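Residue-level structure breakdown
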Amino acid sequence: MKKVIPKLPLICLLILITPGLGQTQTQDKLSFHCPPLPQSTTAPTTRSLAMADSLAKEALIPLDMETEARIAKVNSRSRQSTKADSARVRAFFELLGSVHGSLHRYAGIPTQDKLEKAMADLQQALVLNPDLVSALHSIALIAARGGHNYACAEALYLHALKIEPANAIIYFDYAELLAYQGKFEAAFRYAETAMALADQPCKDLYQWRVMRMHYMAKNYDWVINQCDQHIEKTDQEDFWNNGWPAYYYKGLALAEQEKYDQALEATNLSYAFLSKDGFNLTSSARAYVMAGDTAIGKGLLAAVLEPNYEWMPYEIATAYEALGDFDNTFLWLNIAADEGDEWLRWLKLDPRWKRIRSDPRFKKVQERAGG
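Here goes a summary of the coordinates provided. By convention here, each chain's residues receive numbers from 1 onward along its written sequence. pLDDT decides what is reported in this predicted model: residues at 70 or higher carry local features, side-chain atom pairs at 80 or more are listed and counted, and totals for whole chains, interfaces and linings draw on all residues regardless. Only heavy atoms go into the side-chain values, all of them from the structure, while hydrogens and water stay out.

**Some points on the packing of aromatic side chains**
Here is the rule: Only rings of Phe, Tyr and Trp enter the pairing, Trp through its six-membered ring, and a pair is recorded when the two centres are within 6.5 Å. The plane angle decides the type: under 30 degrees is stacked, over 60 is edge-to-face, the rest tilted. Only DSSP runs of H or I covering at least 4 residues are called helices, and only runs of E covering at least 2 are called strands; the numbering of each starts at the N terminus. Only protein chains enter the accessibility calculation, which uses a 1.4 Å probe; a residue whose area is less than 20% of its type maximum is buried, one above 50% is exposed, and one in between is partly exposed.
Under the counting rule described, the total for this entry stands at 14 aromatic pairs. Note on Tyr171 and Tyr190: the rings are 5.8 Å apart at their centroids and 35 degrees apart in plane angle, and the pair reads as tilted. Of this pair, Tyr171 sits in helix α8 (residues 168-179) while Tyr190 sits in helix α9 (residues 184-197), and the two are 19 residues apart along the sequence. We classify Tyr190 as partly exposed; its relative accessible area is 23%.

**A word on the packing of helix α14 (residues 278-290) against helix α15 (residues 294-304)**
In plain terms, the rule: For helices, the axis comes from a line fit to the C-alpha atoms of the stretch in contact; other axes are also lines fit to C-alpha atoms, and the angle between any two N-to-C directions lies between 0 and 180 degrees. An angle below 35 degrees is treated as roughly parallel, one above 145 as roughly antiparallel, one from 65 to 115 as roughly perpendicular, and anything else as oblique. The handedness criterion is simple: a crossing whose near helix is rotated anticlockwise from the far helix by less than a right angle is left-handed, and one whose near helix is rotated clockwise is right-handed. Contacts were defined at the residue level, with two residues in contact if any of their heavy atoms lie within 4.5 Å. The residue classification treats Ala, Val, Leu, Ile, Met, Phe, Trp, Tyr, Cys and Pro as nonpolar and Asp, Glu, Lys and Arg as charged. All others, Gly included, are polar.
Packing of α14 against α15 brings their axes to within 7 Å, and their N-to-C directions diverge by 160 degrees. Put simply, α14 runs roughly antiparallel to α15. Between α14 and α15 the crossing geometry is left-handed. Note on element contacts: α15 touches α14 through Thr294, Ile296, Gly297, Leu300, Leu301, Ala303 and Val304, opposite Gly278, Leu281, Thr282, Ser284, Ala285, Tyr288 and Val289. Grouping the amino acids of the contact of α14 with α15 by side-chain chemistry returns nine nonpolar, five polar and no charged.

**Some details on the environment of Gly299**
Relative to the assigned elements, Gly299 resides in helix α15. The exposure class of Gly299 is partly exposed, given its relative accessible area of 41%. On a C-alpha basis, the gap between Gly299 and Ala285 in space is 7.8 Å, while along the polypeptide they are 14 residues apart.

Dropping the structure here:
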């Protein structure tokens with residue numbers, strides 16, 4: 001099943017394309033050394049910024065069609081241009097900083113050699129322009145998600161915010177960094193600032209990530225209340241793109257309160273909007289199992305594993321956990337680790353794993369996830 005990515009402002013799309021979203025990656029810890037924070041120098045010239053903008057338009061549109069081969073082509077073309085005009089050197093590295101910031105599959109997370117290439121370009125970008133927030137952002141993402149160096153990522157985010165104190169995406173990614181370390185009080189403060197700074201399309205994306213933070217913090221009543229408010233005010237026609245997560249997170253919160261029938265009802269409403277979506281079908285399978293309809297749950301889970309569905313390994317693992325099939329639970333959690341499923345960042349906090357936390361296999365997966 002192919003995903004259709006709606007047209008959104010570029011800055012919002014950057015937060016949507018995260019590791020694990022259709023990309024083959026690895027969550028095993030990579031060799032990572034935190035670079036020193038850059039010192040500010042002169043700002044880039046108008047000419048170099050114009051060239052960077054021109055290259056960025058060619059390289060980043062349409063962003064959802066980007067491939068590593070396309071980035072390599074831009075890389076080669078830009079390097080050749082530096083021979084004729086030194087101003088393009090700055091433009092090239094600024095472009096690569098932007099590219100790495102949006103395309104994590106090229107930003108080194110899949111393999112060590114790509115990590116080193118990405119870091120070399122990003123650090124060169126910072127040599128040329130120490131105030132290049134897109135490069136700082138990219139290195140912070142690599143530090144946190146590839147190298148599991150949270151202290152480094154935090155320092156880079158805070159430095160970036162000194163340069164651009166109204167950058168909503170930096171605020172929000174920093175909030176999530178804090179949240180998946182369990183520092184929820186600070187995380188909620190930064191997320192609130194991000195929501196205040198963001199435009200409406202970005203807020204629509206952020207709200208679900210905020211919902212996930214509160215779910216992980218076990219603020220179930222808050223999640224249910226916010227979901228109900230969103231359901232009440234959202235036009236039914238918009239639920240395809242922006243509404244179904246309200247039912248999903250409401251279902252998760254209700255299940256943790258052991259209100260299984262209500263959780264099943266909410267989850268099935270989510271599934272009704274995306275009936276051919278593997279993620280929602282799997283969450284519906286889990287909800288049926290939790291509500292005692294094991295046969296239906298197994299049938300839905302079997303359907304997800306058919307070739308016409310895109311696998312959602314972390315969510316599939318939750319369904320097997322509900323069934324008490326812990327061998328398959330760990331099988332799919334390790335597949336999630338192989339593919340870099342971004343939900344793994346929440347592994348140590350996700351309440352759906354409370355029955356298996358004492359299993360030695362859980363610790364091994366957690367190590368792979370950086371916990």
